[in-house]
Amino acid sequence: MRPVRAALLLGGLALLLTGLAGLFTDPRVTDPFDVLLWAAGLVVLHDGLWLPLVCALGAAATGRPVLRGWLLVVAGVGAVAVPAVLRAGDDHGNPTLLPLPYLRNWLLFLAVSAAAAALAALVRRSVRRAPREGR
């Protein structure tokens, strides 16, 4: 297992160095330290807020696989949808930039996926409680 770990470590370090080299040599990046500050803030937000929240929800959903699956789906879709929802109306004069009603669509997704998860939980419960044939 050690050679695999060493290869993964070296590959990760090579990717990190490639990214840093690109950050400091890209002519479109005017202040690389602002980018590093933004990345540090992202790490703090992820490790200080997002990760504990996901762990707490996962711990609360222990023994409830449908709820846990729904929470994973909602978290994944939310990670993609929330930036668009927060930028709604911020089109910089280009109406085709964010043309859809993202908040409405995200709320519809939450409602439909919650209904589907509730239905799956009910089906799962009824299947588990149904009398078995031949008993």
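Since we're looking at a predicted model, the values are computed, not measured.

### With respect to the overall build of the chain
Right, on to step 1. The helix and strand tally for the chain stands at four helices and zero strands.
Right, on to step 2. Its C-alpha atoms give the chain a radius of gyration of 22 Å, clearly above 14 Å, the size a compact globule of 135 residues would have.
Right, on to step 3. Counting only C-alpha atoms and orienting by the principal axes, one finds that the chain spans roughly 75 × 55 × 25 Å.
Right, on to step 4. In the chain, the share of contacts with a sequence separation of at least 24, taken over all contacts with a separation of at least 6, comes to 42%.
Right, on to step 5. As displayed, the chain offers around 10900 Å² of accessible surface, 71% of which is attributable to carbon and sulfur atoms.

### Some points on the pattern of salt bridges
For side chains bearing opposite charge, pairing can occur when the charged atoms are close.
Right, on to step 1. Evaluation of the coordinates by the stated rule reveals one salt bridge.
Right, on to step 2. Notably, a salt bridge pairs Arg-28 with Asp-26, separated by 3.4 Å at the nearest N-O pair.

### Examining helix H3 (residues 65–86)
Right, on to step 1. End to end, H3 covers 30 Å across 22 residues, agreeing with the expected 32 Å (1.5 Å per residue, within 8%).
Right, on to step 2. The set of residues buried in H3 consists of Val-74, Gly-78, Ala-81, Ala-84 and Val-85.
Right, on to step 3. Buried residues along H3 sit against helix H4 (102–129).

### Things to note about the packing of helix H1 (residues 2–25) against helix H2 (residues 32–60)
Right, on to step 1. Axis separation between H1 and H2 bottoms out at 9 Å; the angle between their running directions is 135°. Of the possible angle classes, the one that applies to H1 and H2 is oblique. Mapping the contact onto sequence places Leu-20, Leu-23 and Phe-24 in H1 and Pro-32, Phe-33, Val-35 and Leu-36 in H2.
Right, on to step 2. Residues of the contact of H1 with H2, tallied by class, amount to seven nonpolar, no polar and no charged.

### A few points about a positive patch on the surface
Right, on to step 1. A surface patch of positive charge is lined by Arg-124, Arg-125, Arg-128 and Arg-129.
Right, on to step 2. With respect to the secondary-structure elements, Arg-125 resides in helix H4.

### What to know about a nonpolar patch on the surface
Right, on to step 1. There is a patch of nonpolar side chains on the surface, built from Leu-9, Leu-10, Leu-13, Leu-16, Leu-17, Leu-20, Phe-24, Phe-33 and Leu-36 and spanning about 880 Å² of accessible area.
Right, on to step 2. Those elements that provide at least two residues to the nonpolar patch are H1 and H2.
Right, on to step 3. Among the elements that line the nonpolar patch, the one with the most residues is H1, at seven residues.
Right, on to step 4. Topologically, Phe-33 is positioned in helix H2.
Right, on to step 5. Judged by relative accessible area, which is 56%, Phe-33 ranks as exposed.

What counts and what doesn't
- Residues numbered from 1 in each chain as written.
- Predicted model: local features only at pLDDT ≥ 70, side-chain atom pairs only at ≥ 80, totals over all residues.
- Heavy atoms only, no water.
- Helix = DSSP H or I, 4+ residues; strand = E, 2+ residues; numbered from the N terminus.
- Rg over C-alpha atoms; globule rule 2.2 N^0.38 Å.
- Contact = heavy atoms within 4.5 Å.
- Areas by Shrake-Rupley, 256 points an atom, 1.4 Å probe, with all protein chains shown as cover.
- Salt bridge = Lys/Arg side-chain N within 4 Å of Asp/Glu carboxyl O.
- Expected span 1.5 Å × (residues − 1).
- Buried < 20%, exposed > 50% of the residue type's maximum accessible area, 1.4 Å probe, protein only.
- Axes fitted to C-alpha atoms, helices over the stretch in contact; angles between N-to-C directions.
- Parallel < 35°, antiparallel > 145°, perpendicular 65-115°, else oblique.
- Nonpolar A, V, L, I, M, F, W, Y, C, P; charged D, E, K, R; others polar.
- Patch = residues over 30% accessible without salt bridge, like charges linked within 9 Å, V, L, I, M, F, W, Y side chains within 5 Å.
- Lys, Arg positive; Asp, Glu negative; His and termini not counted.
- Charge placed at Lys NZ, Arg CZ, Asp CG, Glu CD.

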